[in-house]
Amino acid sequence: MSTAPERVPPPGNAVLLTLVGGIALALALTLLAGPTPGGILLGADLAVAAVLRLVLPVRIAGALAVRSRALDVAVLLVLAVSCLVLAGLVPTPV
């Protein structure tokens, strides 16, 4: 009697959950330390997402792969740079 091989889910959800965890950390850092450190962490998280989308195959990137690779990476990089620039422009309280 043969059994069907087990299906192993692709790790795409793990990649997305890790990035969502980084966003949650950025939000917590914003609440605890202010908008500048939180914005920097959010920008870094988006930059990591762009690099992961660039290097990972679609099967592993999972929900990170929405459109074409080039468009996904470009959108994530624009968002990352925007967050980093805005974090630098926010005045720090004295």
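Below you will find a few notes about this structure. (Residues numbered from 1 in each chain as written. Predicted model: local features only at pLDDT ≥ 70, side-chain atom pairs only at ≥ 80, totals over all residues. Heavy atoms only, no water.)

Re the overall build of the protein chain
Basically, it comes down to this: Secondary structure elements follow DSSP: runs of H or I of four or more residues count as helices, runs of E of two or more count as strands, with numbering from the N terminus. For the exposure calls, accessible area comes from a 1.4 Å probe over protein chains only, and a residue counts as buried if that area is under 20% of its type's maximum, exposed if over 50%, partly exposed in between. Contacts are residue-level and defined by heavy atoms, with any inter-residue pair within 4.5 Å sufficient.
When you go through the protein chain residue by residue, the secondary structure sums to four helices and zero strands. Counting only residues that meet the buried cut, the protein chain has 24% of its 94 residues in that class. In the protein chain, 54% of the contacts between residues at least 6 apart in sequence involve partners at least 24 apart.

A word on the pattern of salt bridges
Heads up, the condition is: For salt bridges, the criterion is a side-chain nitrogen of Lys or Arg within 4 Å of an Asp or Glu carboxyl oxygen.
Summed over all chains, the structure comprises two salt bridges. For the salt bridge of R53 with D72, the shortest nitrogen-to-oxygen distance reads 2.9 Å. Taken together, the residues R53 in helix α2 (residues 35–55) and D72 in helix α4 (residues 69–89) connect sequence positions 19 residues apart. Each member of the pair R53 and D72 is classed as buried. Under the relative-accessibility criterion, D72 is labelled buried at 2%. In the salt-bridge network here, residues are joined through shared partners; they are R53, R67 and D72.

Side note on the nonpolar core
Looking at soluble globular proteins, one finds that nonpolar side chains tend to be buried together. Let me state the cut-off plainly: Put simply, buried Ala, Val, Leu, Ile, Met, Phe, Trp, Tyr and Cys residues joined by side-chain atoms within 4.5 Å make one nonpolar core.
Membership of the largest hydrophobic core is limited to 12 residues, which are V15, L19, L46, A49, A50, L56, A61, L64, V73, L76, A80 and C83. Counting residues per element, the ones that place at least two in this core are α1 (12–33), α2 and α4. Ranked by residue count, the leading element in this core is α4, at four residues. Every residue in contact with A80, bar those within four places of it in the chain, is listed here: G43, L46 and A47.

Some thoughts on the environment of A24
Along the polypeptide, A24 turns up in helix α1. With 14 residues separating them in the primary sequence, A24 and G38 have C-alpha atoms 9.9 Å apart.

As for the environment of V73
Residue placement: V73 occurs in helix α4. Considering only alpha carbons, one finds V73 and L52, 21 residues apart in sequence, at a separation of 8.9 Å. When residues no more than four places from it in sequence are discounted, the contact partners of V73 are A50, R53 and L54.

Focus on the packing of α2 against α4
Worth spelling out the cut-off: In this description, a line fitted to the C-alpha atoms serves as the axis of each element, helices being fitted only across the stretch in contact, and the angle between N-to-C directions of two axes falls anywhere from 0 to 180 degrees. Orientation labels follow simple angle bins: below 35 degrees gives roughly parallel, above 145 gives roughly antiparallel, 65 to 115 gives roughly perpendicular, and whatever is left gives oblique. Helix crossings are classified by the rotation of the near helix relative to the far one: an anticlockwise turn of less than a right angle makes the crossing left-handed, while a clockwise turn makes it right-handed. For this scheme, ten residues count as nonpolar: Ala, Val, Leu, Ile, Met, Phe, Trp, Tyr, Cys and Pro. Four count as charged, namely Asp, Glu, Lys and Arg, and the remainder, Gly too, count as polar.
Relative orientation of the contacting elements α2 and α4 amounts to 165°, with a least axis distance of 8 Å. In this view, α2 runs roughly antiparallel relative to α4, as classed from their interaxial angle. Seen along the crossing, α2 lies across α4 with a hand that is left-handed. Considering only residue class, the contact of α2 with α4 consists of 17 nonpolar, three polar and three charged.

Just geometry here; none of it tells us what the structure is for.
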